[in-house]
Amino acid sequence: MENTNRESVRILAAIYYDINSVCDIRKRVNSKPKDEDTNDYRTACRRASTLVSRAVTQALRHQVSNQRHYDQRLTELTTRLGWKLLSICAHSAAFRQATIRAGVVTWDVLISQLEANRLSIELFARTRNLEWRGPLLKHARHNLPELQKELAPYIKLYDQHPHHFVRIENKAVRMPVYEEFLQMHTDACMFDPREWKSYVEEGDVYDPTQREEEDGNCWICRQSLEFPCSCLPPDVGQLVELVDYPKKGIGVRALANFKEGQILGEFIGEIRHWNYGGDPKYSYLMHDKYFQPVATISPKRYGNWTRFINHSCGSSTKFDTMAIGKRLVVVIRAKRDIMMFEEITVHYGGNYWEGRTCECGSSKCKSRKPESEESPLQIPVDNDQLHDT
Ligand SMILES: C[S@@+](CC[C@H](N)C(=O)[O-])C[C@H]1O[C@@H](n2cnc3c(N)ncnc32)[C@H](O)[C@@H]1O
C-alpha cells in the first residue's frame with residue numbers, strides 16, 4: 001500500500017509540474033513566440049482535447065456496461081471529478097499516461113487524492129492561465145448539462161500573481177491582507193534611500209545588500225567579484241501554494257518534493273535599516289558573516305511566498321545568508337527532504353515566541369504544555385446536573 005501511495009503522489013506531483021510547464025510555454029508563446037514552443041503548446045492542447053473528446057463520446061453513449069477499461073476510467077473521472085478538473089488534468093502528460101497505465105489500486109488512490117485536492121489544482125491552473133475551457137467549448141452544443149455548467153462565465157484569476165490567493169481547505173479562496181493592505185508579490189528586494197535618510201547622519205545612502213569583496217565568491221558560479229556575474233537565487237515558488245492553516249494563518253504547502261540542501265527561494269522584502277521596528281511579524285534581520293547587522297528585510301507589504309512560511313520548532317528549512325550574483329541575499333534552504341503536500345516550515349529564532357504561543361505541534365515545541373495541562377482530568381458528569389433545577 002505504501003508503494004501505491006508513493007506512486008500516486010508521484011503522479012500527482014507530475015500533474016502539477018506539467019500544468020505549470022504548459023502555462024510557462026503558453027506565456028512564452030504569447031510574449032516571444034518560437035516555433036518550438038508553439039509546437040509544444042499546440043501538442044499539449046491537442047492531446048488534452050483528444051482525451052476530453054473521448055470522455056464526451058463515452059458520456060453521450062449512456063451505456064457503460066461494455067466499456068473498455070480506458071473508457072471506464074474516463075467515465076469515472078467525469079462523474080467523480082467533473083469536467084473542469086478533467087480538462088485541467090488532461091493537459092498533463094503524466095495524467096494522460098496514468099489513465100492508461102496506472103495499476104488498479106494506484107488509480108483508486110490517485111482519484112481520491114485528486115478529489116481531495118480539487119480546489120488546489122483548479123486554483124493552480126486558473127492562476128497560471130491554463131486554457132482549460134478550450135477542450136470543453138467544442139462540446140458545448142451537446143446535451144451534457146454538467147459540462148455546460150462548467151462553461152458559465154468565471155472570474156479571471158490570472159491577472160493576479162498566484163500568491164495573491166490563499167486556499168481555505170477545499171472550500172474557498174481569499175487574498176493575503178495585512179494592516180488592511182493586500183500583501184503584494186514582488187520578484188526582487190526593494191531599496192528606497194528615502195527610508196534610510198533618518199538613520200544615516202551624513203554621506204550618501206547606499207544599498208547595504210550590494211555584494212562586496214569580503215562577502216566572498218558567488219555561491220552559484222563560485223566567481224569572485226573580479227568576474228562579475230548575474231546569478232540569481234533559485235526559486236521553487238511556482239511549485240508551492242498558500243494555504244490557511246488552523247491557528248497559524250497563512251502557510252506554505254509544497255506541491256513537489258524538494259531535496260535536502262536545496263535553495264527554495266530568496267526571502268524578499270523591502271530593505272530597511274537594521275533598527276527598523278515597523279514589522280515585528282514578518283521581518284528578518286540580515287547579518288553578514290561576521291554577525292554584523294546588514295539590514296532588516298521587511299516583507300509585510302511587498303515580498304514573495306517565503307514570508308508566509310510558518311514557524312516549527314522541528315522545521316524543515318532554515319534561513320541562510322549568502323552572496324549570489326550582485327547581492328548579499330537571505331535564502332530559505334531545505335534542512336532535509338521535503339515531501340509533496342508537506343507544510344514548509346522554518347525556525348524563527350529563540351526570541352520570536354516570547355509572549356506568543358507557538359502552535360507548531362512538533363514534539364520539540366518550546367510552547368508545548370506540560371502533560372498534565374494537555375489532557376485535563378476527565379470527570380464524568382451526569383447530564384442532568386448541567387441543567388438548572
Ligand atoms: C511570518 S508570519 C507567517 C505567515 C502568517 N501565518 C500569515 O498568516 O501571514 C508569522 C506569523 O504567523 C503565525 N505563526 C507562524 N508560525 C506559527 C506557529 N507555529 N504557531 C502559531 N502561529 C504561527 C504567527 O501569527 C506569526 O506571528
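Since we're looking at a predicted model, the values are computed, not measured.

The sheet built from four strands is open, its strands ordered E6-E10-E12-E11 with mixed pairing. Since the sheet does not close on itself, it has two edges, and those belong to strand E6 (190–191) and strand E11 (284–287), each with one partner.

The next subject is the side chain of arginine 307. Topologically, arginine 307 is positioned in the loop between strand E13 (302–303) and strand E14 (310–311). Aspartate 279 is the oppositely charged side chain nearest to the buried, salt-bridge-free arginine 307, at an N-O distance of 8.0 Å. A polar side-chain atom of arginine 307 sits 2.8 Å from the main-chain carbonyl oxygen of proline 299. A distance of 3.3 Å separates a polar side-chain atom of arginine 307 from the backbone oxygen of arginine 301. With residues near it in sequence (within four places) discarded, arginine 307 still touches Gln183, Met184, His185, Phe267, Tyr282, Pro299, Lys300, Arg301 and Tyr302.

Moving on, we come to the packing of helix H3 (residues 69–81) against helix H5 (residues 93–101). Angle between the axes and distance between the axes: these two values describe a pair of packed helices. Look at H3 against H5: their axes get within 8 Å of each other, and the N-to-C directions meet at 125 degrees. Between H3 and H5, the angle is such that the two are oblique. Note on element contacts: H5 touches H3 through Phe95, Ala98, Thr99, Ile100 and Arg101, opposite Tyr70, Arg73 and Leu77. Classifying every residue of the contact of H3 with H5 gives five nonpolar, one polar and two charged.

Here strand E17 (residues 343–346) shows two buried faces, one formed by Glu343 and Thr345 and the other by Ile344 and Val346. For strand E8 (residues 249–254) and E17, the ladder comprises two bridges, and the chain directions are antiparallel. Counterpart to valine 252 in the pairing with E17 is isoleucine 344.

Here the focus is the packing of aromatic side chains. Each aromatic ring pair is described using two quantities: the centre-to-centre distance and the angle formed by the ring planes. Tallied over the full model, the rule gives twelve aromatic pairs. Geometrically, the ring pair formed by tyrosine 282 and phenylalanine 308 is edge-to-face, given 6.3 Å between the ring centres and 85 degrees between the ring planes. Of this pair, tyrosine 282 sits in the loop between strand E10 (270–272) and E11 while phenylalanine 308 sits in the loop between E13 and E14, and the two are 26 residues apart along the sequence. Each member of the pair, tyrosine 282 together with phenylalanine 308, is buried.

Time to look at the UniProt feature "domain: SET" (unreviewed entry) in the protein. Feature annotation in UniProt assigns "domain: SET" (unreviewed entry) to the following positions: residues 238–349. The annotated region residues 238–349 carries 0% helix and 47% strand content, and the separation between its end C-alpha atoms amounts to 27 Å.

Here we come to the domain arrangement of the protein. As assigned here, the protein comprises domain 1 (1–157) and domain 2 (163–353). Taking the mean C-alpha position of each, domain 1 and domain 2 sit 34 Å from one another. In this assembly, 17 residues from domain 1 lie in contact with 16 residues from domain 2. Between domain 1 and domain 2 the total buried area reaches about 1,300 Å² when both faces are included, carbon and sulfur atoms providing 66% of it. In this structure, the connection of domain 1 to domain 2 is made through zero salt bridges.

Negative charge collects at one region of the surface, where Glu212, Glu213, Glu214 and Glu226 lie side by side. As for its placement among the helices and strands, glutamate 214 is situated in the loop between E6 and strand E7 (240–245). What makes glutamate 214 partly exposed here is its relative accessible area of 46%.

A few words now on the confidence of the model for the protein. Mean pLDDT over the protein works out to 92, with 93% of the residues at or above the 70 mark. For the stretch residues 372–389, pLDDT sits under 50, and the model shows three contacts to residues farther than four places along the chain or on other chains. For this predicted complex, the interface confidence reaches an ipTM of 1.00, while the overall pTM sits at 0.92.

Its location among the elements puts leucine 12 in helix H1 (residues 2–31). Leucine 12 sits in the buried class, given a relative accessible area of 0%. Along the primary structure leucine 12 and threonine 99 are separated by 87 residues, whereas in three dimensions their C-alpha atoms are 12 Å apart.

Once that is clear, we can look at the site of the ligand. Around the ligand, the structure places 18 residues, and the nearest of them are Lys248, Ile250, Tyr282, Tyr352 and Glu359. Between tyrosine 352 and the ligand, the recorded distance is 2.6 Å, taken from a side-chain N or O atom to an oxygen atom. At 2.7 Å from a nitrogen atom of the ligand is found a main-chain nitrogen or oxygen belonging to glutamate 359. Here the ligand has 560 Å² of accessible area as a free molecule, and 88% of this is covered by the chains. Listing elements by their share of the shell around the ligand, those giving two or more residues are E8 and E14. Residue composition of the shell around the ligand, grouped by class: nine nonpolar, four polar and five charged.

Examined against the element boundaries, proline 153 turns out to sit in the loop between helix H9 (145–150) and strand E1 (166–168). Residue class for proline 153 comes out exposed when judged on its relative accessible area of 81%. Remark: the alpha-carbon pair of proline 153 and alanine 14, spanning 139 residues in sequence, is separated by 29 Å.

About the thresholds
Residues numbered from 1 in each chain as written. Predicted model: local features only at pLDDT ≥ 70, side-chain atom pairs only at ≥ 80, totals over all residues. Heavy atoms only, no water. Pairing = 2+ DSSP bridges. Helix = DSSP H or I, 4+ residues; strand = E, 2+ residues; numbered from the N terminus. Buried < 20%, exposed > 50% of the residue type's maximum accessible area, 1.4 Å probe, protein only. Lys, Arg positive; Asp, Glu negative; His and termini not counted. Salt bridge = Lys/Arg side-chain N within 4 Å of Asp/Glu carboxyl O. Polar contact = N/O pair within 3.5 Å; in protein donor to acceptor, adjacent residues only side chain to side chain. Contact = heavy atoms within 4.5 Å. Axes fitted to C-alpha atoms, helices over the stretch in contact; angles between N-to-C directions. Parallel < 35°, antiparallel > 145°, perpendicular 65-115°, else oblique. Nonpolar A, V, L, I, M, F, W, Y, C, P; charged D, E, K, R; others polar. Phe/Tyr/Trp six-rings, centres within 6.5 Å; stacked < 30°, edge-to-face > 60°. UniProt positions renumbered as here; feature names shortened; annotations may be inferred. Domains from an automatic or database assignment. Buried area = accessible area lost by both parts, 1.4 Å probe. Patch = residues over 30% accessible without salt bridge, like charges linked within 9 Å, V, L, I, M, F, W, Y side chains within 5 Å. Areas by Shrake-Rupley, 256 points an atom, 1.4 Å probe, with all protein chains shown as cover. Charge placed at Lys NZ, Arg CZ, Asp CG, Glu CD. pLDDT = per-residue confidence, 0-100. Near = heavy atom within 4 Å.

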